[in-house]
Amino acid sequence: MGDLGQPAVLPVSEPRPRRIGVLGGTFDPVHIGHLRGALEVAESLTLDELRLTPSARPPHRNTPQVSALDRLAMVECAVTGVSPLVVDDRELKRDKPSYTLDTLELMRAELAADDQLFLLLGWDAFCGLPTWHRWEELLQHCHILVLQRPDADSEPPDALRNLLAARSVSDPLALTGPSGNIAFVWQTPLAVSATQIRQLLASGKSVRFLVPDAVLAYIDAHGLYRASN
Ligand code: ATP
C-alpha cells in the first residue's frame, strides 16, 4: 500500500521495440562473407534476430546452380547454434518470384508497429536496387543497411543519388523508428563470393575456411558444385 492507503502503482515497463535484420540472397552457397557480415551487424546493432532468407527464383539473376533445398540446408548448417542468426524459408515456400518487397510486407505484418526492420544489402546488391520490383517502396517497411564489399565500386548509380541524399544517416546506431533510412555499416572486409567458391569447387580445389565446416561437409556429402554436376 502507498502512504495514503492507496495501492502502490508499480511502473509498467514498455516492451522495447524488436530489432529484426533480414539478409536475402541466393546463398549458392552461403559463405563467410555473408555470415561474418551478418554476425557483425547483428552484434553492433544489437539485433534480436537476423534472418537469412534464401530466395527461390531470384528475379534478377541466373538460376542458382543447386536446388533450393540444398541451398536452404546449407544455410541451416551454417547458422545452427549461432544466435541471433536464423533461417527464414518463406521465399522458398512461395510459388512466385521472390520479390524482397513482398517478403518485407509479410514480415512487417507480423511485427508490432514500432518494431524495427533492417534490410541488409551488400554494396553490389544496393547498387542494383533501381532494377528491383517497386524498389521505391522498400523504405516504407524497413531501414536499409549497406554492407561494404571490398570489391565495390566507390560511386553509387545516379538513380540512387537523390535517395541517398534524402535518406542516409551517417551512424547506423542512430537509426530510429521502424523504417525509412539508409546507413552504411563497417564490417571486416572479406572478398569472398559464391561465384569464386563455385569455381574453386568446379576445378577440384578446396573451399575450406571460406565456408563453415558444416557447409563444407554438406557440399562434400552431396557432391555439389563439382565439375560432374
Ligand atoms: P554470387 O557470387 O553467386 O553472385 P554472392 O557471394 O554475391 O553470390 P549472394 O547470395 O548473391 O552472394 O549475396 C547475398 C547478399 O550478401 C547480397 O546482398 C550480397 O551483396 C551480400 N554479400 C555477399 N558476399 C558478401 C561479402 N563477401 N561481403 C559483404 N556482403 C556480401
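Described below are features of the structure shown in this document.

The rules we used
- Residues numbered from 1 in each chain as written.
- Predicted model: local features only at pLDDT ≥ 70, side-chain atom pairs only at ≥ 80, totals over all residues.
- Heavy atoms only, no water.
- Helix = DSSP H or I, 4+ residues; strand = E, 2+ residues; numbered from the N terminus.
- Salt bridge = Lys/Arg side-chain N within 4 Å of Asp/Glu carboxyl O.
- Buried < 20%, exposed > 50% of the residue type's maximum accessible area, 1.4 Å probe, protein only.
- Expected span 1.5 Å × (residues − 1).
- Near = heavy atom within 4 Å.
- Polar contact = N/O pair within 3.5 Å; in protein donor to acceptor, adjacent residues only side chain to side chain.
- Areas by Shrake-Rupley, 256 points an atom, 1.4 Å probe, with all protein chains shown as cover.
- Nonpolar A, V, L, I, M, F, W, Y, C, P; charged D, E, K, R; others polar.
- Phe/Tyr/Trp six-rings, centres within 6.5 Å; stacked < 30°, edge-to-face > 60°.
- Contact = heavy atoms within 4.5 Å.
- Pairing = 2+ DSSP bridges.
- Axes fitted to C-alpha atoms, helices over the stretch in contact; angles between N-to-C directions.

### Quick notes on unusual backbone geometry
Omega for the peptide link from Asp28 to Pro29 comes to 5°, which places this bond in the cis form. Among the secondary structure elements, Pro29 is positioned in the loop between β1 (19–25) and α1 (32–44). The linkage connecting Ser83 with the following residue, Pro84, adopts the cis geometry, with an omega of 5°. Here Pro84 lies in the loop between α2 (68–79) and β3 (85–87). One non-glycine residue, Thr46, lies in positive phi territory at about 45°. Its location among the elements puts Thr46 in the loop between α1 and β2 (49–54). If you check the backbone angles, Arg134 has positive phi at about 45° while not being a glycine.

### So, the pattern of salt bridges
For the structure shown, the criterion picks out 14 salt bridges. Put simply, Asp220 and Arg226 hold a salt bridge, and the shortest N to O gap is 3.5 Å. Judged by relative accessible area, Asp220 falls into the partly exposed class, the value being 44%. We classify Arg226 as partly exposed; its relative accessible area is 29%.

### Concerning α1
Because each turn of an α-helix spans 3.6 residues, side chains separated by three or four positions in sequence point in the same direction. Counted at 1.5 Å a residue, the expected span for α1 with its 13 residues is 18 Å, and the 18 Å between its end C-alpha atoms agrees. Listing the buried residues of α1 in full gives Gly33, His34, Leu35, Gly37, Ala38, Leu39, Glu40, Val41 and Ala42. Where α1 terminates, the next one or two residues include Thr46, which has phi positive at roughly 45°.

### What to know about the site of the ligand
The environment of the ligand is made up of 22 residues, and the closest members are His31, Asp124, Leu190, Ala194 and Thr195. With respect to the ligand, the backbone of Thr26 contributes an N or O atom lying 3.1 Å from an oxygen atom. Within the side chain of Thr195, an N or O atom sits 2.4 Å from an oxygen atom of the ligand. If the ligand stood free it would expose 600 Å²; the protein chains cover 92% of that surface. Put simply, the parts of the chain that give the shell around the ligand at least two residues each are β1, α1, β4 (116–122), α5 (123–127) and α7 (194–202). Among the residues forming the shell around the ligand, the class breakdown is eight nonpolar, 10 polar and four charged.

### Thoughts on the packing of aromatic side chains
All chains considered together, the criterion is met by three aromatic pairs. Measuring from centroid to centroid gives 5.9 Å for Trp123 and Phe126, while their planes differ by 40°, and the two rings are tilted. With Trp123 and Phe126 both in helix α5 and three residues apart, the pair spans about one turn of that helix. Judged by relative accessible area, which is 6%, Trp123 ranks as buried. Ring plane angle 45° and centroid distance 5.9 Å describe the contact between Trp123 and Phe184, whose orientation is recorded as tilted. In this pair, Trp123 is assigned in helix α5 and Phe184 in strand β7 (residues 182–185), connecting sequence segments 61 residues apart. The exposure class assigned to Phe184 is partly exposed, which follows from its relative accessible area of 26%. These aromatic residues form a ring-pair network of at least three members: Trp123, Phe126 and Phe184.

### Brief notes about the side chain of Ser193
Topologically, Ser193 is positioned in the loop between β7 and α7. Polar contacts involving the side chain of Ser193 include one to the main-chain amide nitrogen of Gln196, which spans 3.1 Å.

### Remarks on the environment of Gln116
Position of Gln116 relative to the elements: it lies in strand β4. On the accessibility criterion, Gln116 (7% relative accessible area) is buried. The spatial distance from the C-alpha of Gln116 to the C-alpha of Glu137 is 16 Å, given a sequence separation of 21 residues. Residues contacting Gln116, with those up to four places away along its chain left out, are Arg18, Arg19, Ile20, Arg108, His143, Leu175, Thr176, Gly177 and Pro178. Of the polar contacts made by the side chain of Gln116, one reaches the backbone oxygen of Leu175; its length is 3.4 Å.

### Focus: the sheet that holds β2
Pairing is parallel in the open sheet, where seven strands are placed in the order β3-β2-β1-β4-β5-β7-β6. Only two strands of the sheet have a single partner each, and these edge strands are β3 and β6 (168–169). α2 rests against β2 and β3 of the sheet, and its axis sits at about 155° to β3.

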